[in-house]
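Residue strings, one per chain:
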Amino acid sequence: MLWLQLLHAALTLALDPPECTSYIAVYNSTGSLAYPTSGNYPNNADRCWKITSTQWLFFDWTKLDIEDHYGCVQRGPCSSLFPCGYNEAKDCSSDRLEVYDNNGKHVICGTQAGALPAWQPSAQGDVVLRFVSDASNVYTGFAVSWKECTLPPPVIRSYPACYETYMDTFTGGSGTLAYPGGGLNYKAGLNTCWRILCNGQISLTFNVMDFETSPMGCIFDYLEIYDSEGVVHKVCKMPVRKFEFPPGDLVLRFVSDLCTQNTGIDISYTCGPWAWPATPAAQTLAHVDCPVVKAELAPSGTFTSGDIVSTISTRCWRISCASQIQISYLSLDTYNANSEIACKNQFFIFYSHNGVMSDRMCGTTLPTYQPPRGDLIIGLNNVVSSIYNGLVISYQCDGSPEPMAPPD
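Residues numbered from 1 in each chain as written. Predicted model: local features only at pLDDT ≥ 70, side-chain atom pairs only at ≥ 80, totals over all residues. Heavy atoms only, no water.

**Description of the overall build of the protein**
Along the protein, the regular secondary structure elements total one helix and 26 strands. Looking at the protein residue by residue over its 408 residues, the buried ones come to 49%. Summarising the internal contacts of the protein: among those between residues at least 6 apart in sequence, 80% fall at separations of at least 24. Just so you have it, the protein exposes about 18,900 Å², and 53% of that area is on carbon and sulfur atoms. (Helix = DSSP H or I, 4+ residues; strand = E, 2+ residues; numbered from the N terminus. Buried < 20%, exposed > 50% of the residue type's maximum accessible area, 1.4 Å probe, protein only. Contact = heavy atoms within 4.5 Å. Areas by Shrake-Rupley, 256 points an atom, 1.4 Å probe, with all protein chains shown as cover.)

Right, here's the structure in full:
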């Protein structure tokens, strides 16, 4: 039909980068490409390939061995309160694979030991691959196969906090992440990330978690876990044992401050069948920061903390729920002097059924945090005599969301 032809023309128009004056080959919607087919790629190469499609393409990367080198990138933002720091970051200026889709260009380099690429098209339509090498070292190149999908491929998110630099990417059905390992202590000022790729459900089991901690939450050294739905889980101490996540990839980000350093993490993971996690209804949440729970709340309703007065130091409330708790924040009013940038004196914090803690909530700005599935404890910490109105939320214990069909 004419409108389909016009649509395909519009899709392919932006996918002829000016650097590609011609193509070594033009492929259809199912195929594979290995460059070079044997040995090492040559110096000063500049080669382009095109894959034509009007659907979503799913890429299966099987080899990556392209020269790269490392430089320093600034870890910010910087201010009088937060000094500048720097991380070692990959620089693909030597040899590189440029991948174009309808949303722009992505640059890939590195070796098999570093990671296989995580890139997937972010739009329907054609894809162009361009390989460029310089006049120095040569390696064995890359290999990839692809096919069409009726649905978008699994979401591969870009997390600015990681600056798109990953210490490692895990792609197998199971594995272990131990950092730094060997009984050593991690370094100060870290902002280090790993990626776990999985088309099914990922389970994480924490064998060791040894961070510098604070009774006020995860503010010194901590691990952030970004799941495929964009939810950020922050953990820094036991009793975290096991997490189960919605289908899709995970990014783990480890952050340390400039003070005490401990032995870090040892995590085992499995990539299982496409399924949504379930929380046993009989499970009752407890947390070391809340040894006494003031009240058991109904599965759905409105929670009002009441005025915060000087007689309150720590107070906790529990919501029991075997599925997902949806929260609407109605009001927040706590002490938040300008000098207390980390909500040190008066704040609320949420604890999930796996020991995950939210960021501390203080001041008057309404939070956006939504907890993972399962029971929830609402914690209040107060060490000042000022009286404020506290926290008011409405919440509902919903049923499990319907699973999405996996990509073809």
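Now that the structure is up, let's keep going.
**Considerations on the nonpolar core**
Counting 38 residues, the largest nonpolar core has Leu 204, Phe 206, Leu 223, Ile 225 and Leu 252 as its most contacted members. Put simply, the parts of the chain that give this core at least two residues each are strand 12 (174-180), strand 13 (191-196), strand 14 (202-210), strand 15 (222-226), strand 18 (250-255), strand 19 (264-271) and strand 24 (346-352). One finds Leu 33, Phe 59, Cys 109 and Leu 129 within the second-largest nonpolar core, a separate group that totals 23 residues. (Core = buried A, V, L, I, M, F, W, Y, C linked by side-chain atoms within 4.5 Å.)

**Here we look at the pattern of salt bridges**
Two side chains that carry opposite charge are able to pair once their charged atoms sit near each other. Tallying each qualifying case throughout the model produces eight salt bridges. Among the salt bridges present, the one from Asp 16 reaches Lys 50, with a minimum N-O distance of 2.8 Å. Residue Asp 16 is found in the loop between helix 1 (2-13) and strand 1 (25-27), and its partner Lys 50 is found in strand 3 (residues 46-51); the two are separated by 34 residues along the sequence. Residue classification places Lys 50 among the buried residues on the basis of a relative accessible area of 9%. For the salt bridge of Lys 234 with Asp 359, the shortest nitrogen-to-oxygen distance reads 2.7 Å. Highlighted residues: Lys 234 in strand 16 (residues 232-235) and Asp 359 in the loop between strand 24 and strand 25 (376-382), separated in sequence by 125 residues. Judged by relative accessible area, which is 48%, Asp 359 ranks as partly exposed. Here the salt bridges share partners, and the residues they tie into one network are Asp 46, Arg 96, Glu 98 and Arg 130. (Salt bridge = Lys/Arg side-chain N within 4 Å of Asp/Glu carboxyl O.)

**Things to note about the pairing of strand 26 (residues 390-398)**
Bridge count for strand 21 (residues 301-304) against strand 26 is four bridges, and the pairing is antiparallel. Looking at the pairing, Thr 304 lines up with Val 392 of strand 26. Here nine bridges tie strand 23 (residues 324-333) to strand 26, and the two strands are oriented antiparallel to one another. By the bridge assignment for strand 26, Gln 326 is matched with Gln 396. (Pairing = 2+ DSSP bridges.)

**Notes on unusual backbone geometry**
Here the residue pair Tyr 35 and Pro 36 is connected by a cis peptide bond, since its omega of -10 degrees sits within 30 degrees of zero. Following the sequence through the fold, Pro 36 ends up in the loop between strand 2 (31-35) and strand 3. With phi around 55 degrees, Asn 44 is a residue other than glycine that occupies positive phi space.

**Quick word on the packing of aromatic side chains**
For the structure shown, the criterion picks out 17 aromatic pairs. For the pair Tyr 41 and Phe 131, a centre-to-centre distance of 4.7 Å together with 65 degrees between the ring planes defines the contact as edge-to-face. Taken together, the residues Tyr 41 in the loop between strand 2 and strand 3 and Phe 131 in strand 9 (residues 127-132) connect sequence positions 90 residues apart. Assigned by exposure class, Tyr 41 and Phe 131 land together as buried. Seen from their ring centres, Phe 170 and Tyr 269 are 5.8 Å apart, and the 65 degrees between their planes marks the pair as edge-to-face. Of this pair, Phe 170 sits in strand 11 (residues 168-170) while Tyr 269 sits in strand 19, placing them 99 residues apart in sequence. (Phe/Tyr/Trp six-rings, centres within 6.5 Å; stacked < 30°, edge-to-face > 60°.)

**Regarding the sheet that holds strand 17 (residues 242-244)**
Sheets are built from strands paired through backbone hydrogen bonds, the pairs being either parallel or antiparallel. Strand order in the open sheet made by the four strands is 12-19-14-17, with antiparallel pairing throughout. The two strands at the open ends of the sheet, each matched to only one other strand, are strand 12 and strand 17. Across the sheet, the axes of successive neighbouring strands diverge by a mean angle of 15 degrees, strand direction being ignored. Sheet topology places strand 14 next to strand 17; three bridges connect them, and they run antiparallel. Bridging across to strand 17, Ser 203 finds its partner in Glu 244. (Axes fitted to C-alpha atoms, helices over the stretch in contact; angles between N-to-C directions.)

**Some details on the sheet that holds strand 18**
One open sheet holds the five strands; their spatial order is 11-13-18-15-16, and the pairing between them is mixed. Lying at the two open borders of the sheet, with one neighbouring strand each, are strand 11 and strand 16. Strand-to-strand, the axes of this sheet are offset by a mean angle of 20 degrees, without reference to chain direction. Pairing between strand 13 and strand 18: six bridges, direction antiparallel. Within strand 18, the position partnered with Cys 193 by the bridge is Arg 253.

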